[in-house]
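Below, each chain spelled out in residue letters.
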Amino acid sequence: MGTHNLYCGISGLSEEIEAPSLSDETLIVIGAGASGAATLIEIASCSRESGHRRFKKIILIERTTQLGRGLAFGKAEAPYLQLNMRTSEISITGKEGDFTDWLVKRGIGSAHDFADHYAARALCGNYISDRVAEAVDGLEAFGTEVQIIRGEAVALWLLPNCRYLVHLLDESMLVGDRVILATGHSRSKTCDHLRQYPGFLESPYDPKFAATIRPELPSLIVGSSLTAIDSAKAILSLGGGNQICLVSRGGILPAVRRFSTHLHRSFPRHLHALKDRDSLSILEVLAALDRDVREIHEDPLPLQHLFPVPTYRTRTDGVRRFQEDLRRVHAGKAGYQNVLEELDGDLLEEIWTRLLPDDKRYLLRYSSHYRALRHPMPPATAKQIENAISQNQIHVKRLRAREGITYDPRRGEFIAAVDGGTVTAPQLVGATSTSDDLETSDNPLLQQALRTHQIERHPLGGIDVDRATCRVVVDRKINDRLFALGPMTSGVFFYVSAMSECVRHARKVVTFLMQKCELSCE
Ligand SMILES: Cc1cc2nc3c(=O)[nH]c(=O)nc-3n(C[C@H](O)[C@H](O)[C@H](O)COP(=O)(O)OP(=O)(O)OC[C@H]3O[C@@H](n4cnc5c(N)ncnc54)[C@H](O)[C@@H]3O)c2cc1C
């Protein structure tokens, strides 16, 4: 047992109790998507480096049968279920090129083959689950017991002895010293009023999608981000293409990813300089971004037309912008992507933290514009979509927000009110992005934790956490024993929707825990 004292885990509480050393503790991780997986992998790596066990026991709870996959890297196989990120950029361990190394080791190809390669989602899921299995072996080799439980956590209670009790849906209970909430995405509510009607389909990542969609019929796709593009790609791949209409508030399509041969590593020095400032406006950030882009590229993409900053409010034609973007990528003129990639992680977090509150809200309102740039589609997908657009198979329309989308039961059709008229179709795909609204979250565990005041809504969305360590913050008090990772921390970090961010945030938690471990070993 360690000898130092804890204040019941929550800074500010006065009851002093004897704390066990971290290596005698049980850690409970709820959710085994990329964030839960990255946490386990990171702890295993710390054990390996230090040569001794870090926890007595780790319990990983996952409500599905799929470890390390989540929504994004599911087991289903279909030609359209392909990542939108290059294989060479994917790593669940934080080690550059780790996915490529994994593929090469299994004789799936040579590193050269993966420079401009976009792997199947299921294959990426296999890679993550494999790395989780290795981490479990590594942890057990150092004496940490790992228990993987298939079940849904529905409630969380802090016991008087400062341990946590986690209640599962099957009424079983687990006790641990610290809990990490890595529960991932909540479903967007945008299409909830349409779910009950025949012809409604969840996203193309739903295993039932291929069997349910009728590709020969017209389809409405709600959204125009990567999920909507994947939905359109799915319908085309299944032999459809008789009128696919993407409808969204902004009507903008994702950018097109540059080829790896057009990669310039650059240091975005104007953006870095912003870290010295106390507060920032969006215009200052865009100006710095523009200067950094111009330094590496003679013909930068006019960012001001892509991002609707107040002074440049123009109504962008989504399709025209997409077609111009595709031409630029083929001409090697997408230098802005190099800068945006360098902006990821710590730098973006620093800038986000310094933005003026109103500008943060503005940026969140238009975050789909940022995501459209930051999450481009592979060039081959873009070519397929452009062909379908030029053959009048795919249309992109801006939704008239007030009327939205309704269903006519007599005609069995969904009706979308769009600029210039209405679009109707007998089937509709809900391809809207996920939600970070805690109050309307469809996750019973988060609802219970919110109701019982164990987590708090961040004013800008998701769960409030301490930026440095991802510890949960309630009433301005930081809880040393409860952590939150992943998409539900968007208010604190803004950009949370990439595997690289899951790994970075898992590292924050583990670094904090390891410092605690060192303290308790002193
Ligand atoms: C459709 C889609 C495609 C994406 N594509 C990419 C991509 O190509 N590249 C990329 O870098 N990023 C991609 N992302 C972003 C990606 O989601 C994140 O990188 C990452 O997968 C988030 O991981 P997570 O573990 O935080 O959440 P999730 O992946 O959502 O995992 C959360 C896990 O927790 C489980 N869970 C939730 N609640 C409970 C509970 N109460 N009890 C037990 N288990 C629970 C869920 O079943 C799930 O397995 C994509 C995201 C989506 C939604």
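Conventions we followed
Residues numbered from 1 in each chain as written. Predicted model: local features only at pLDDT ≥ 70, side-chain atom pairs only at ≥ 80, totals over all residues. Heavy atoms only, no water. Helix = DSSP H or I, 4+ residues; strand = E, 2+ residues; numbered from the N terminus. Buried < 20%, exposed > 50% of the residue type's maximum accessible area, 1.4 Å probe, protein only. Contact = heavy atoms within 4.5 Å. Polar contact = N/O pair within 3.5 Å; in protein donor to acceptor, adjacent residues only side chain to side chain. Core = buried A, V, L, I, M, F, W, Y, C linked by side-chain atoms within 4.5 Å. Near = heavy atom within 4 Å. Areas by Shrake-Rupley, 256 points an atom, 1.4 Å probe, with all protein chains shown as cover. Domains from an automatic or database assignment. Buried area = accessible area lost by both parts, 1.4 Å probe. Salt bridge = Lys/Arg side-chain N within 4 Å of Asp/Glu carboxyl O. Nonpolar A, V, L, I, M, F, W, Y, C, P; charged D, E, K, R; others polar. Phe/Tyr/Trp six-rings, centres within 6.5 Å; stacked < 30°, edge-to-face > 60°. Pairing = 2+ DSSP bridges. Axes fitted to C-alpha atoms, helices over the stretch in contact; angles between N-to-C directions.

Here's the deal with the environment of Arg-471
And step 1. With respect to the helices and strands, Arg-471 occurs in strand S18 (residues 471-474).
And step 2. According to the relative accessible area criterion, Arg-471 is buried, its value standing at 13%.
And step 3. In the structure, Arg-471 is positioned 41 residues away from Phe-512 in sequence and 9.2 Å away in space, judged by C-alpha atoms.
And step 4. Arg-471 has contacts with Asp-464, Val-465, Asp-466, Ile-478, Asn-479, Asp-480, Leu-482, Phe-483 and Phe-512, leaving out every residue within four places of it along the chain.
And step 5. A distance of 2.6 Å separates a polar atom in the side chain of Arg-471 from a polar atom in the side chain of Asp-480.

Some points on the nonpolar core
And step 1. Residues Ile-92, Leu-181 and Ile-463 are the most contacted members of the largest nonpolar core, which totals 74 residues.
And step 2. Sorting elements by how many residues they give to this core places helix H17 (residues 499-521) first, with nine residues.
And step 3. Excluding residues within four positions of it along the chain, Ile-463 makes contact with Leu-181, Leu-438, Leu-446, Ile-455, Glu-456, His-458, Val-472, Ala-484, Met-488, Thr-489 and Val-492.
And step 4. If you look at the next biggest cluster of nonpolar residues, it comprises 60 residues, including Val-293, Ala-334, Leu-348 and Ile-394.

Some words on the site of the ligand
And step 1. Within the structure, the ligand sits among 34 residues, and Ser-35, Glu-62, Ala-153, His-185 and Met-499 are positioned closest to it.
And step 2. The backbone of Ala-34 places a nitrogen or oxygen atom 3.0 Å from an oxygen atom of the ligand.
And step 3. Residue Ala-153 places a main-chain N or O atom 2.9 Å away from a nitrogen atom belonging to the ligand.
And step 4. About the coverage of the ligand: the protein hides 92% of its 970 Å² of free accessible area.

What about the domain arrangement of the protein?
And step 1. Taken domain by domain, the protein comprises domain 1 (3-73 + 123-187 + 435-521), domain 2 (83-119), domain 3 (192-254 + 377-430) and domain 4 (260-306 + 320-373).
And step 2. Inter-centroid distance (C-alpha atoms) of domain 1 to domain 2 is 27 Å.
And step 3. Taken together, the contacts link 18 residues of domain 1 with 14 residues of domain 2.
And step 4. Of the roughly 1,300 Å² buried at the junction of domain 1 and domain 2 (both faces included), carbon and sulfur atoms supply 71%.
And step 5. The largest contributions to the domain 1 side of the interface with domain 2 come from Leu-123, Tyr-127 and Arg-131, which together make up 44% of the buried area.
And step 6. There are two salt bridges connecting domain 1 and domain 2.
And step 7. Taking the shortest distance from any N to any O, the salt bridge between Asp-130 and Arg-106 comes out at 2.7 Å.
And step 8. Applying the counting rule to domain 1 against domain 2 returns six residue pairs in polar contact (both at pLDDT 80 or more).
And step 9. Of all the elements in the fold, those that place two or more residues in the side of domain 1 that touches domain 2 are helix H1 (34-50), helix H3 (121-141) and H17.
And step 10. Ranked by residue count, the leading element in the side of domain 1 that touches domain 2 is H3, at eight residues.
And step 11. Of the residues assigned to the side of domain 1 that touches domain 2, the class counts are twelve nonpolar, one polar and five charged.

Notes on the packing of aromatic side chains
And step 1. Under the criterion given, the structure shown has eleven aromatic pairs.
And step 2. Ring plane angle 15° and centroid distance 4.2 Å describe the contact between Tyr-197 and Tyr-407, whose orientation is recorded as stacked. Highlighted residues: Tyr-197 in the loop between strand S9 (178-181) and strand S10 (200-201) and Tyr-407 in strand S14 (residues 405-408), separated in sequence by 210 residues.
And step 3. Owing to a relative accessible area of 26%, Tyr-197 belongs among the partly exposed residues under this scheme.
And step 4. By way of ring pairs, the aromatic residues Trp-352, Tyr-370, Phe-494 and Tyr-495 are connected into one cluster.

What to know about the sheet that holds strand S19 (residues 477-484)
And step 1. Sheet architecture is open: six strands sit in the order S5-S4-S3-S9-S19-S18, paired in mixed fashion. Of all the strands in the sheet, just strand S5 (145-150) and S18 have a single pairing partner and so form its edges. Averaged over all pairs of adjacent strands, the angle between their axes in this sheet comes to 30°, without regard to strand direction.

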